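Here are the chains, one letter per residue:
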Amino acid sequence: VKRGEDIGPNSFPGCALQIRAAMEDYVITMSSSTAIFGMSTSTTSTKSKRYLVSGSVSPWIESMILALTSTSKVYVTDYEPITSQDDRIIFIPMSELTSHRPAQLFDVIFSFSTVEHDGLGRQGDAINPHGDLAAMTEYYTLLSPNGILILGTPQLDKELGLVESNRFRLYSPERMSILIKGFEKLGEVMYNSTELADRFQKPISTVMFKYPMQRQPVWILRKMIHELPLLLEDNKILGKEIQANKQTSKDVLFTRPPLESIINKTTYSVTGDVSWLLDFSVVGFPKCGTTT
């Protein structure tokens, strides 16, 4: 990490450099800025901050936090158990984290290539077409006032997004604006920018970005006090414990349109947002004896 090597997953070239740039510019360098954290310098040092990594296949983000900050421990959460041989990395089951509000909130949460999977069932989570909104609501409730969320998600420069079976979502600008409600966007680190390559003197091969899923800008978001995430705006939910991928009132969020309004009758191709159809889907896996 200290040599500036890209230790992130091979399927996301340059992702570790993206996270590093976000940390250096919005967590480390600006840790004493009242404009970011609204606290005094003594309470915002990187040593005193609490860091949470949401979703982890390998500890590349955890390693970066330990290497680049003066913190002595990093928390990580996931649906499946994680075993770490480093006692500085502390695992908290997702079910525990979302069923009991922690005594201390987190100052910085990292989520890279995570929320686009939430609610689709592939990661062992409950089926919920708005699981990504639920995840963002959980981040909001777990962050301290003015806390920072470093978020990486796959995005499309198109009017319509996409739900790729039970694998992931690809976000349209409209869905992203819904997703980050309750947060202020402070900055962005692109996945294959020449600025990123020049900054760390590391070539980033654009040939590797074959699939849209790999193209994940990293957004730096700050928790807003005067604006709530979409799910928390519903009075039925406000003030209640937020459960992981909890089923909520879909009618409050989106009006379900007639099928004929979103399907081209001539080509039978889908022309609108049908993510709500996951309410009625049976999602199966190859060779598991179920149908999709």
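S.K.: Give me the lowdown on the side chain of E116, citing residues and values where you can.
M.R.: Mapped onto the elements, E116 comes out in the loop between strand 4 (106-112) and helix 5 (131-142). Within the structure, the side chain of E116 is placed 2.8 Å from the side chain of S113, a separation counted as a polar contact. A polar side-chain atom of E116 sits 3.2 Å from a polar atom in the side chain of Q216. With residues up to four places along the chain from it excluded, the contact list for E116 reads G152, T153, P154, F168, R169, Y171, M213 and Q216.

S.K.: Tell me about the packing of aromatic side chains, residues and numbers included.
M.R.: Tallied over the entire structure, the rule returns four aromatic pairs. On the basis of an interplanar angle of 90 degrees and a centroid distance of 5.3 Å, the ring pair of F12 and F112 is categorised as edge-to-face. Of this pair, F12 sits in the segment before helix 1 (15-28) while F112 is found in strand 4, placing the two residues 100 residues apart along the sequence. Like F112, F12 is buried. A network of ring pairs unites the aromatic residues F12, W60 and F112 as a single cluster.

S.K.: Could you give me a rundown of unusual backbone geometry, with the residues and numbers involved?
M.R.: For N146, which is not glycine, the phi torsion reads 65 degrees and is therefore positive. Classification of N146 by relative accessible area gives partly exposed; the value is 24%.

S.K.: Explain the environment of P93 to me, and be specific about the residues and the numbers.
M.R.: Within the secondary structure, P93 sits in strand 3 (residues 89-93). Leaving out residues up to four positions away in the same chain, P93 has contacts with T77 and D78.

S.K.: So what's going on with the nonpolar core? Residues and values would help.
M.R.: Ranked by size, the top nonpolar core spans 39 residues in total, and within it I19, M23, W60, I65, F110, F112 and I150 carry the most contacts. Top element by residues in this core is helix 1. It accounts for nine residues. When residues no more than four places from it in sequence are discounted, the contact partners of F112 are F12, C15, Q18, I19, W60, I61, G152, Q216 and V218. By size, the runner-up hydrophobic cluster in this structure holds 27 residues, among which are Y75, M176, I178 and I180.

S.K.: Lay out the layout of surface pockets with the relevant residues and their values.
M.R.: Empty space within the second largest pocket amounts to approximately 650 Å³. Only strand 1 (51-54), helix 3 (60-68) and strand 2 (74-78) provide two or more residues apiece to the lining of the second largest pocket. The element that contributes the greatest number of residues to the lining of the second largest pocket is helix 3, accounting for three residues. When its residues are assigned to classes, the lining of the second largest pocket shows 11 nonpolar, 10 polar and six charged.

S.K.: Break down the pattern of salt bridges for me, with residues and values.
M.R.: Applying the stated criterion to the full structure yields eight salt bridges. E24 serves as the salt-bridge partner of R20, at 2.8 Å between the closest nitrogen and oxygen. Residue R20 and its partner E24 are located together in helix 1, separated by four residues, close to a single helical turn. Relative accessible area serves as the criterion here: at 14%, R20 is assigned to the buried category. When the shortest N-O distance is used, the salt bridge between D132 and R175 registers 2.9 Å. On the criterion of sequence distance, the pair formed by D132 in helix 5 and R175 in helix 6 (residues 173-179) is long-range, its members being 43 residues apart. The same class applies to D132 as to R175, namely buried. A cluster of three or more residues bridged by salt bridges with shared partners is formed by R20, E24, D25 and R199.

Rules behind the numbers
- Residues numbered from 1 in each chain as written.
- Predicted model: local features only at pLDDT ≥ 70, side-chain atom pairs only at ≥ 80, totals over all residues.
- Heavy atoms only, no water.
- Helix = DSSP H or I, 4+ residues; strand = E, 2+ residues; numbered from the N terminus.
- Polar contact = N/O pair within 3.5 Å; in protein donor to acceptor, adjacent residues only side chain to side chain.
- Contact = heavy atoms within 4.5 Å.
- Phe/Tyr/Trp six-rings, centres within 6.5 Å; stacked < 30°, edge-to-face > 60°.
- Buried < 20%, exposed > 50% of the residue type's maximum accessible area, 1.4 Å probe, protein only.
- Core = buried A, V, L, I, M, F, W, Y, C linked by side-chain atoms within 4.5 Å.
- 1 Å grid on protein atoms, 1.4 Å probe; cavity = no way out; pocket = protein on both sides within 12 Å on 5 of 7 lines; lining within 4 Å.
- Points joined across faces, edges and corners; volume = space filled by probe spheres on them.
- Nonpolar A, V, L, I, M, F, W, Y, C, P; charged D, E, K, R; others polar.
- Salt bridge = Lys/Arg side-chain N within 4 Å of Asp/Glu carboxyl O.

Honestly, that's just the spatial picture; any functional story needs more than this.
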